[in-house]
Amino acid sequence: MIISAFAFTFLNVFVKLLDRFEVPQIIFFRSIGSLFFTTGFLLQNKISPLGNQRKLLLARAIAGLLSMGLFFAALKHLQMGSAVSLRYIAPIFAMFFALIFLKEKIKKIQWLFISIAFLGILLMKGFDDAMSPLGLLLILSSALFSGFVFILIRKIGSGDNPVVVVHYFMFIAALISGILSIAYWKTPVGVEWFYLICLGFFGYAGQLFMTKAFQTEQMNTIAPFKYLEVIFTMSLGFIWLDEKYTLMSLIGIFLVLLGLTLNTLLKKGTN
């Protein structure tokens, strides 16, 4: 999950740098790039791309497409660090869904630790002067669908190869976004081609390792580690995009790390 968070961080940066492109075209290049890797892997290992649990795979692909599209749209209205921070209330949605659909138990003290991390995100969000109502609506909607994706991946479990899961998602995303991007198409120039290629590479790496993580560990243990993308993204935003952070934002980062660490230590101690 840590590798996944690091890969998604670079994906976020390149999406932000491609601000002049419309969301469907960004999704299209991100999906086509990832399909290059997934198709090669499946052919080399003689694995059928159709999968075994096709209804679940289709549902995961649609939920993932909605979450990704809403997130990319939110990046046009919010600073990168704030957008990623708010999206990571997704594990909170995921834990709630896990209680209902997967019957996974969450200790009461774990809710306290997750609340500490969530408070940190609220502090980081609350001190962003660039926050827009539309951006807030888009990112919260993205988080909701992202939480549902976590549950669907867990339901798929080990019944399908993780690359098949990613391939399904990318194929559906490329198909739908490709059709939608026709009306908004802008031909890339210069370094934009490199940025668009990187979308596929880092997107594939992020999806692959996230899928592997959720297939091999309980939801309520692994989901909070996606919060690390907040830290990675804010760091790169500061270095690369000259995003500034207040003292309260830094306190928020500390609370996120504290909540994650306490939750991890609790789980390790009970195994």
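Keep in mind the model is a prediction, meaning the values are calculated, not measured.

Trainee: What is the right way to look at the pattern of salt bridges in this model?
Mentor: Between side chains of opposite charge, a pair can form as their charged atoms come close. Tallied over the entire structure, the rule returns two salt bridges. Measuring nitrogen to oxygen at the nearest pair gives 3.9 Å for the salt bridge that ties K76 to D19. Taken together, the residues span a long stretch of sequence, with K76 in the loop between α3 (54-74) and α4 (80-87) and D19 in the loop between α1 (2-17) and α2 (23-44) at a distance of 57 residues. Among the salt bridges present, the one from E192 reaches R20, with a minimum N-O distance of 2.7 Å. Highlighted residues: E192 in helix α9 (residues 192-216) and R20 in the loop between α1 and α2, separated in sequence by 172 residues.

Trainee: So what exactly am I meant to see when it comes to the environment of I251 here?
Mentor: Structurally, the position occupied by I251 is in helix α12 (residues 247-270). Separated by 130 residues in sequence, I251 and I121 place their C-alpha atoms 9.6 Å apart.

Trainee: Whenever I open this one, α4 confuses me. Can you help?
Mentor: Structurally, the α-helix is built with 3.6 residues per turn, so residues lying three or four positions apart point the same way. Most of α4 sits out of view: eight of its eight residues are buried. All of the buried residues in α4 are M80, G81, S82, A83, V84, S85, L86 and R87.

Trainee: Which parts of the structure should I look at to understand a nonpolar patch on the surface?
Mentor: On the surface, F96, L99, I100, F101 and F148 cluster together into a nonpolar patch covering about 450 Å² of accessible area. Of note, F148 is situated in helix α7 (residues 133-156).

Trainee: Would you mind showing me how to read helix α8 (residues 162-181) here?
Mentor: In a regular helix each residue adds 1.5 Å, so 20 residues correspond to 28 Å; α8 covers 28 Å between its end C-alpha atoms and thus fits that length. The buried fraction of α8 is high, at 15 of 20 residues. Regarding α8, its N-cap is N161, as a side-chain oxygen of that residue lies 2.8 Å from the backbone nitrogen of V163 further along.

Trainee: Even after reading the chapter, I still don't get the environment of F238, so can you show me in this structure?
Mentor: When you line up the elements, F238 lands in helix α11 (residues 228-240). Separated by 157 residues in sequence, F238 and G81 have C-alpha atoms that sit 9.0 Å apart. Each residue touching F238, except ones within four places of it in the same chain, is listed here: E243 and Y245.

Trainee: Explain the nonpolar core to me, please; I cannot follow it from the model alone.
Mentor: Note on soluble globular proteins: their nonpolar side chains tend to be buried together. Membership of the largest hydrophobic core comes to 81 residues, with the highest contact counts inside it found for F72, L199, M210 and Y227. At eleven residues, the largest contribution of residues to this core is made by α9. For Y227, the contacting residues outside a window of four places in its chain are Y88, I92, I114, A117, I121, V256 and L260.

Trainee: Quick question: what am I supposed to make of the packing of aromatic side chains here?
Mentor: Here a ring pair, both rings aromatic, is described through the centre-centre distance and the interplanar angle of the planes. A full pass over the atoms with the stated rule returns 17 aromatic pairs. On the basis of an interplanar angle of 75° and a centroid distance of 5.2 Å, the ring pair of F6 and F10 is categorised as edge-to-face. One end of the pair is F6 and the other is F10, both in helix α1 and four residues apart, which spans about a single turn. Look at F6 and you get partly exposed, because its relative accessible area is 44%. The ring of F21 carries R20 above its face, with NZ or CZ at 4.5 Å from the centroid.

Trainee: Please clarify how unusual backbone geometry should be interpreted in this entry.
Mentor: Glycine aside, negative phi is the norm for most residues, and most peptide bonds take the trans geometry. One non-glycine residue, K46, adopts positive backbone phi at about 55°. Secondary-structure assignment places K46 in the loop between α2 and α3.

Trainee: Even after reading the chapter, I still don't get the side chain of T233, so can you show me in this structure?
Mentor: Within the secondary structure, T233 is located in helix α11. With relative accessibility at 0%, the residue T233 sits in the buried group. In contact with T233, not counting residues within four places along its chain, are T9, N12, M80, G81, V84 and Y245.

Trainee: Would you take a moment to explain the packing of α3 against α7 for this structure?
Mentor: The description of two packed helices rests on the angle between their axes and on the distance between the axes. At a minimum axis separation of 8 Å, α3 and α7 run at an interaxial angle of 155°. Compared by their axis directions, α3 and α7 come out roughly antiparallel. Taken as a pair, α3 and α7 cross one another with a handedness that is left-handed. Residues that form the contact of α3 with α7 fall into these classes: 17 nonpolar, six polar and two charged.

About the thresholds
Residues numbered from 1 in each chain as written. Predicted model: local features only at pLDDT ≥ 70, side-chain atom pairs only at ≥ 80, totals over all residues. Heavy atoms only, no water. Salt bridge = Lys/Arg side-chain N within 4 Å of Asp/Glu carboxyl O. Helix = DSSP H or I, 4+ residues; strand = E, 2+ residues; numbered from the N terminus. Buried < 20%, exposed > 50% of the residue type's maximum accessible area, 1.4 Å probe, protein only. Patch = residues over 30% accessible without salt bridge, like charges linked within 9 Å, V, L, I, M, F, W, Y side chains within 5 Å. Areas by Shrake-Rupley, 256 points an atom, 1.4 Å probe, with all protein chains shown as cover. Expected span 1.5 Å × (residues − 1). Polar contact = N/O pair within 3.5 Å; in protein donor to acceptor, adjacent residues only side chain to side chain. Contact = heavy atoms within 4.5 Å. Core = buried A, V, L, I, M, F, W, Y, C linked by side-chain atoms within 4.5 Å. Phe/Tyr/Trp six-rings, centres within 6.5 Å; stacked < 30°, edge-to-face > 60°. Lys NZ or Arg CZ within 6 Å of the ring centre and 35° of its normal. Axes fitted to C-alpha atoms, helices over the stretch in contact; angles between N-to-C directions. Parallel < 35°, antiparallel > 145°, perpendicular 65-115°, else oblique. Left-handed = near helix turned anticlockwise from the far one by under 90°. Nonpolar A, V, L, I, M, F, W, Y, C, P; charged D, E, K, R; others polar.

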